[in-house]
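# Close look at the chain arrangement
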Amino acid sequence: MKKYSKVKYSDIPLFKNISEEDWKDWKWHLRNAIRDIPTLKKIIEVDKDEEKELEKCLQKFDMSITPYYAALMDKKYKRCPVRLQAVPRIQELEISENDYIDPLHEVADSPVFGLTHRYPDRVLFLVTHMCSMYCRHCTRRRVVGDLDEHLSEQHLNKCFEYIQNHEEIRDVLISGGDPLTFGDDHLEQLIKRVRGIEHVEIIRIGSRMPVVLPQRITDSLVDMLKKYHPIYLNTHFNHPMEITYESKVACEKLADAGMSMGNQSVLLKDVNDCPFIMKKLVHELLMIRVKPYYIYQCDLSMGIGHFRTSIVKGMEIIENLRGHTTGMAVPTFVVDAPGGGGKIPIMPNYILSQSDRRLAIRNYEGIITTYTQPKDVISDCGQCHICDDERYKPLDGVAKLLCGERLYLKPENLKRRKK
Ligand SMILES: *Cc1c(COP(=O)(O)O)cnc(C)c1O
Ligand code: SF4
């Protein structure tokens, strides 16, 4: 088994005299987050040009790096994958014609402030704008860090009312910002209220704390969370460098308390846009009991153009994983469609051709094989009655075409209709 090393913070002059007790205290890290250039310069080398650029960036965007995450940065190497995620670069000020403030229409798809209800049976509940660290590639930079605050009681109440009134919501995804910036008591009140809604089946938490501030995952936190199972926790590791002794301990604590752990990476230029880095990452994730769930194509949020890769890179990564390694290590690569279309999976083509009898398919090794379809292919349904339950029927979409409830879908404003 791999040996995990603790982060050697005492090698960094700024943290040399920090007691172990403080270093283990997540609140100390929040209080001492690195927010200005002079402090940053005590941790990494920043040359004159870079400093000037940083100054310009900080006029527009905040920086906040937890001492823990800062200690992972290479002191000299400017292209260090941890540094690129944490320290602003001048390109953040470049706005291209394809950048949007809210590319995913999280606001447009928001029935009440704080909730995005895009998919039929689940909601995204953005309970706070606060994070322990401001990732430079953040999708929600329109709000995160801008208003450094949690959702007000009044807004929270509106959200709960909405969830309560919509019986179709069976999955509540608590995210933000980072919901683990809440203290345990405050967080418990919130989760308890979600759990109290009868039709909510599962609760998911989205948090980057295991990566940027693993000290947040305390015994008391997991003891509280485990009272409200089933809870799933998705985190956000992007590079194998982020997997340390501390992050392993955090993920193990969560897993031991029964939390199913998933990981959502973002494909980032110069950070992880490489099939070998990604393969190492997914292997290391499984070792700390986190299952790779998604790789996101970097979206079209404002000022993150320098992080974007070609979509093809994601396909290449999946080509390098599927079949080559443990199936559980293979995440789904998705593009979160601009305009609120939601996540669209993209993968290499495995179907080469087909007839009404046979499919020609290929595997990861390049073997071309066939599958002969059975003659009697129509499912013999009508034996059970799960389909009588309205909850299991599609409301919309291609699935509705397939089940025969609709004959076609067509765009609303077709020109030919006006003729
Ligand atoms: C990603 C997302 C979800 C959850 O999607 P899953 O595919 O179920 O993980 C839900 N709502 C919104 C708005 C999202 O962006
Ligand atoms: S933790 Fe998530 S929400 Fe917070 S800054 Fe990073 S990417 Fe954005």
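Computed from a predicted structure; not experimentally measured.

A few words on the sheet that holds strand β11 (residues 358–362). What links the strands of a sheet is backbone hydrogen bonding, and the strands pair in either a parallel or an antiparallel sense. Taken together, the 3 strands give an open sheet; going across it, the order is β10-β11-β12, and neighbouring strands pair in antiparallel fashion. Every interior strand has two partners, whereas the edge strands, β10 (351–354) and β12 (368–372), have only one. Direction aside, neighbouring strands of the sheet carry axes that sit 25° apart on average. In the sheet, β11 pairs with β12 via 5 bridges, with the strands oriented antiparallel. Bridging from a neighbouring strand, Arg358 pairs with Thr372 of β12.

In this structure, Leu40, Ile65, Tyr69, Phe125, Ile191 and Leu225 are the most contacted members of the largest nonpolar core, which totals 88 residues. Counting residues per element, this core draws most heavily on helix α7 (residues 153–165), at 5 residues. Shared between two domains, this core takes at least three residues from each, and those domains are domain 1 (9–89) and domain 2 (115–345). The contacts of Ile65, once residues within four sequence positions are left out, are Ala33, Ile34, Leu40, Ala70, Met73, Ala86, Val87 and Met133. Leu84, Val266, Leu268 and Val271 belong to the second largest nonpolar core, which has 7 residues in total.

Right, let's get into the UniProt feature "modified residue: N6-(pyridoxal phosphate)lysine" (unreviewed entry) in the chain. Under the feature "modified residue: N6-(pyridoxal phosphate)lysine" (unreviewed entry), the UniProt entry names Lys343. Note on placement: Lys343 falls in strand β9 (residues 342–345). Dropping the residues within four chain positions of it, Lys343 is found in contact with Tyr119, Tyr294, Tyr296, Val334, Val335 and Asp336.

A few words on the site of ligand 2. The full set close to ligand 2 counts 9 residues, and Cys131, Met133, Cys135, Cys138 and Arg208 are the nearest of them. Here ligand 2 occupies the largest pocket.

The next subject is the layout of surface pockets. Estimates place the volume of the largest pocket at around 1000 Å³. In this structure, the largest pocket is lined by 42 residues; those nearest its centre are Leu124, Arg140, Ser175, Gln264 and Tyr296. Within the residue set of the lining of the largest pocket, elements represented by two or more residues are β1 (115–119), β2 (122–126), β3 (171–175), β4 (202–206), β5 (231–235), β6 (260–267) and β7 (291–297). Element by element, the count of residues in the lining of the largest pocket is highest for β7, at 4 residues. One number sums up the size of the second largest pocket: a volume of about 440 Å³. If you trace the second largest pocket, you find 16 residues lining it, with Asp121, Glu168, Glu390, Arg391 and Tyr392 closest to the centre. Classifying every residue of the lining of the second largest pocket gives 4 nonpolar, 1 polar and 11 charged.

Per the UniProt entry, the sites bearing "binding site: [4Fe-4S] cluster" (unreviewed entry) are Cys131, Cys135 and Cys138 in this numbering. The annotated residues contributing to the lining of the largest pocket are Cys131, Cys135 and Cys138. Within the element layout of this structure, Cys138 appears in the loop between β2 and α7.

What follows concerns the site of ligand 1. The environment of ligand 1 is formed by Thr116, Arg118, Tyr119, Arg122, Leu124, Leu173, Arg204, Tyr293, Tyr294 and Lys343. The separation between an oxygen atom of ligand 1 and a polar side-chain atom of Arg122 is 2.7 Å. One of the side-chain N or O atoms of Arg204 is found 2.8 Å from an oxygen atom in ligand 1. Starting from 390 Å² of accessible surface for ligand 1 in isolation, the protein chains cover 91%. The cavity that encloses ligand 1 is the largest pocket. Every element with two or more residues in the shell around ligand 1 is listed here: β1, β2 and β7. The greatest single-element share of the shell around ligand 1, amounting to 3 residues, is contributed by β1. The residue makeup of the shell around ligand 1, split by class, is 5 nonpolar, 1 polar and 4 charged.

Here Gln297 shows up in strand β7. Note on Gln297: relative accessible area 8%, which makes it buried. Here Thr309 takes part through its backbone oxygen, which lies 2.9 Å from a polar atom of the side chain of Gln297. Aside from chain neighbours lying at most four places away, what touches Gln297 is Leu267, Thr309, Ser310, Ile311, Phe333, Val334 and Val335.

What counts and what doesn't
Residues numbered from 1 in each chain as written. Chains lettered and ligands numbered in written order. Predicted model: local features only at pLDDT ≥ 70, side-chain atom pairs only at ≥ 80, totals over all residues. Heavy atoms only, no water. Pairing = 2+ DSSP bridges. Helix = DSSP H or I, 4+ residues; strand = E, 2+ residues; numbered from the N terminus. Axes fitted to C-alpha atoms, helices over the stretch in contact; angles between N-to-C directions. Core = buried A, V, L, I, M, F, W, Y, C linked by side-chain atoms within 4.5 Å. Buried < 20%, exposed > 50% of the residue type's maximum accessible area, 1.4 Å probe, protein only. Domains from an automatic or database assignment. Contact = heavy atoms within 4.5 Å. UniProt positions renumbered as here; feature names shortened; annotations may be inferred. Near = heavy atom within 4 Å. 1 Å grid on protein atoms, 1.4 Å probe; cavity = no way out; pocket = protein on both sides within 12 Å on 5 of 7 lines; lining within 4 Å. Sits in = over half its atoms within 2 Å of the grid points. Points joined across faces, edges and corners; volume = space filled by probe spheres on them. Nonpolar A, V, L, I, M, F, W, Y, C, P; charged D, E, K, R; others polar. Polar contact = N/O pair within 3.5 Å; in protein donor to acceptor, adjacent residues only side chain to side chain. Areas by Shrake-Rupley, 256 points an atom, 1.4 Å probe, with all protein chains shown as cover.

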